[in-house]
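# Commentary on secondary and tertiary structure
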Amino acid sequence: LPVVAVVGRPNVGKSTLVNRILGRRAAVVEDVPGVTRDRVAYETAWAGRAFTLLDTGGWNPDAQGMAARITEQAEMAVATADVVIFVVDSVVGATDADESVVRVLRRSGKPVVLAANKVDGPSGEADAAALWNLGLGEPHAVSALHGRGSGDLLDAVLDALPDAPQEAFDEEEGPRRVALVGRPNVGKSSLLNTLARENRAVVDPVAGTTVDPVDELIVLGDREWWFVDTAGIRRRVREASGAEYYASLRTSAALDRAEVAIVLVDASEPLSEQDLRIISMVVDAGRALVLAYNKWDLLDDERRIMLEREIDRQLKHVSWAPRVNVSALTGRRVDRLVTAMDTALDGWSTRVPTAKLNAFFGDVVAAHPHPVRGGKQPRIMFATQADTRPPRFVLFTTGFLEASYRRFLERRLREEFGFDGTPIELSMRIRE
Ligand code: GDP
């Protein structure tokens, strides 16, 4: 759902406006220091269009460092919202604090709808008109308390919403781009040959140079996959020195252009440093990840048991990645790569709606609060998924969340929402 955030300095009537929009008293909260609401996002609708309404009013209740607090609030709204409703008290007029919010909003380039609130007295219209000065376009005169003008305000909000739902951007048209990576001799070129032979290779696509095609389109399952930099796999440049460095440059260039990476490892040999480094490159590049264990035909029972242990020990940090045991030689389970890539790309593109995410974190944190550190207990005030491909979450917190707690949150996120095959990023915005 698109997100509409209500921002403004304290006491301009944000919560009253939120209540007015929601048509109930759900958002009422006293400005009591230390009181935090666990729900700041609400799902609602206007004129048949559903959206998430974000109330930043109760987000930062302790009254400390007001200027910083207001800027942060605006920053949070900007990070999250598709449209911002900026509420100004038209009786008081624009203050310095309001101006500082205007600067943040303007820098962001997000659409802003200006609400001139408390227009209920005799000089109301004139007061509202004075807010043209803010340079944010037409001030919409409202009285959150009495309900006046809120319908027109919401019409303006709907006009400012992006036409297509956010999800539409995540549906990529055309072939998905795959990087087949791995250290030398794990069988990349063999696997590519097997894929191209048993399936249909559509050669000579886009980024080809005059000398040789850089990429290959291969039909797997019922659609085309765009394997990037297959020339690098096939050409097999073997330099005596610096080969590993060269290979790593090549890998990183391929990852830049890919959405999903198949990291091929040789199952018949112990996992090497270089294998682990390549896996880390994929994670750091934020690409969807599939692990493929090749040369499965060579495995005996002893090695198989070793391998399980090795995976438990060395690949715990990517236990979310789908694993496929293949043999490029025999073609074993090569078709499973497609399912695994689909899964990973799904996870990579998943978006959790803001209201759902905050409800989830509310429950998780209530059941498992962060440990108290130095007499303080950091809390999560608000969470938002800032991006997909890969999923990136921003947590607005009252203190530093230690690594073990962040890992716990990531684990719970994965249990709740999937995210198989994708790295996810959790970052914090801390308000000390
Ligand atoms: P690349 O450097 O990653 O492209 O690896 P290659 O495709 O050149 O393969 C290296 C060696 O491993 C070759 O001798 C292949 O024949 C062999 N190989 C590749 N895949 C398999 C497999 O699934 N099983 C077995 N037994 N050998 C394989």
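Being a predicted model, the structure only gives us computed values, none of them experimental.

### Comments concerning helix 10 (residues 301-314)
Its 14 residues give helix 10 an end-to-end C-alpha distance of 20 Å, which sits within 8% of 20 Å, the value for a rise of 1.5 Å per residue. Residues of helix 10 that are buried: Arg303, Leu307, Glu310 and Ile311. Down the axis of helix 10, the buried set is contained in an arc of 95 degrees. They therefore lie on one face. Pointing more than 90 degrees away from the buried face of helix 10 are the exposed residues Asp301, Glu302, Ile305, Asp312 and Arg313. Considering only its buried residues, helix 10 is in contact with strand 12 (288-294) and strand 13 (323-325).

### Regarding the pattern of salt bridges
Enumeration over the complete set of coordinates arrives at 18 salt bridges. Close ionic contact of Arg183 with Asp275 constitutes a salt bridge, the shortest N to O distance being 3.0 Å. In this pair, Arg183 sits in the loop between strand 7 (176-181) and helix 6 (188-198) while Asp275 sits in helix 9 (residues 273-284), placing the two residues 92 residues apart along the sequence. Residue Arg183 is classed as buried on the basis of its relative accessible area, which comes to 11%. Between Arg303 and Glu310 there is a salt bridge, with the nearest N and O atoms lying 3.3 Å from each other. Using a relative accessible area of 11% as the deciding quantity, one classes Arg303 as buried. Residue Glu310 is classed as buried on the basis of its relative accessible area, which comes to 5%.

### Things to note about the packing of aromatic side chains
One pass over the full model with this rule turns up five aromatic pairs. An aromatic cluster is present here, built from Phe360, Phe361 and Phe417 joined pairwise through their rings.

### Brief notes about the confidence of the model for the protein chain
For the protein chain, per-residue confidence averages 84 on the pLDDT scale, and 84% of positions sit at 70 or higher. Contacts for the low-pLDDT stretch residues 27-39, under 50 throughout, to residues beyond four places or in other chains number 29 contacts.

### Let's talk about a negative patch on the surface
Taken together, the side chains of Glu138, Asp152, Asp155 and Asp159 present a region of like negative charge at the surface. Within the element layout of this structure, Asp159 appears in helix 5 (residues 150-160). Relative accessible area serves as the criterion here: at 67%, Asp159 is assigned to the exposed category.

### Some thoughts on the packing of helix 12 (residues 354-367) against helix 13 (residues 403-417)
Orientation of helix 12 relative to helix 13, taken along the N-to-C sense of each, is 125 degrees, at an axis distance of 11 Å. One way to sum up the angle between helix 12 and helix 13 is to call them oblique. The hand of the helix 12/helix 13 crossing is right-handed. Residue-level inspection shows Lys356, Leu357, Phe360, Phe361, Val364 and Val365 of helix 12 in contact with helix 13, the latter providing Tyr405, Phe408, Leu409, Arg412, Leu413, Glu416 and Phe417.

### Quick notes on the sheet that holds strand 2 (residues 41-46)
If you trace the six strands from one edge of the open sheet to the other, you get 2-3-1-4-5-6, paired in mixed fashion. On the outer flanks of this sheet lie strand 2 and strand 6 (139-141), each paired with one strand and no other. Strand-to-strand, the axes of this sheet are offset by a mean angle of 30 degrees, without reference to chain direction. Examined bridge by bridge, strand 4 (residues 83-89) and strand 5 (residues 112-117) share six bridges and lie parallel to one another. Bridge pairing in strand 5 links Phe86 to Leu114.

### Thoughts on the environment of Arg200
Its place among the elements puts Arg200 in strand 8 (residues 200-202). It is 8.5 Å that separates the C-alpha atoms of Arg200 and Leu217, two residues lying 17 residues apart in sequence. Discounting residues that sit within four places of it in the chain, Arg200 has contacts with Leu217, Ile218 and Val219.

Reading the values: rules and limits
- Residues numbered from 1 in each chain as written.
- Predicted model: local features only at pLDDT ≥ 70, side-chain atom pairs only at ≥ 80, totals over all residues.
- Heavy atoms only, no water.
- Helix = DSSP H or I, 4+ residues; strand = E, 2+ residues; numbered from the N terminus.
- Expected span 1.5 Å × (residues − 1).
- Buried < 20%, exposed > 50% of the residue type's maximum accessible area, 1.4 Å probe, protein only.
- Arc of directions from axis to C-beta.
- Contact = heavy atoms within 4.5 Å.
- Salt bridge = Lys/Arg side-chain N within 4 Å of Asp/Glu carboxyl O.
- Phe/Tyr/Trp six-rings, centres within 6.5 Å; stacked < 30°, edge-to-face > 60°.
- pLDDT = per-residue confidence, 0-100.
- Patch = residues over 30% accessible without salt bridge, like charges linked within 9 Å, V, L, I, M, F, W, Y side chains within 5 Å.
- Areas by Shrake-Rupley, 256 points an atom, 1.4 Å probe, with all protein chains shown as cover.
- Lys, Arg positive; Asp, Glu negative; His and termini not counted.
- Charge placed at Lys NZ, Arg CZ, Asp CG, Glu CD.
- Axes fitted to C-alpha atoms, helices over the stretch in contact; angles between N-to-C directions.
- Parallel < 35°, antiparallel > 145°, perpendicular 65-115°, else oblique.
- Left-handed = near helix turned anticlockwise from the far one by under 90°.
- Pairing = 2+ DSSP bridges.

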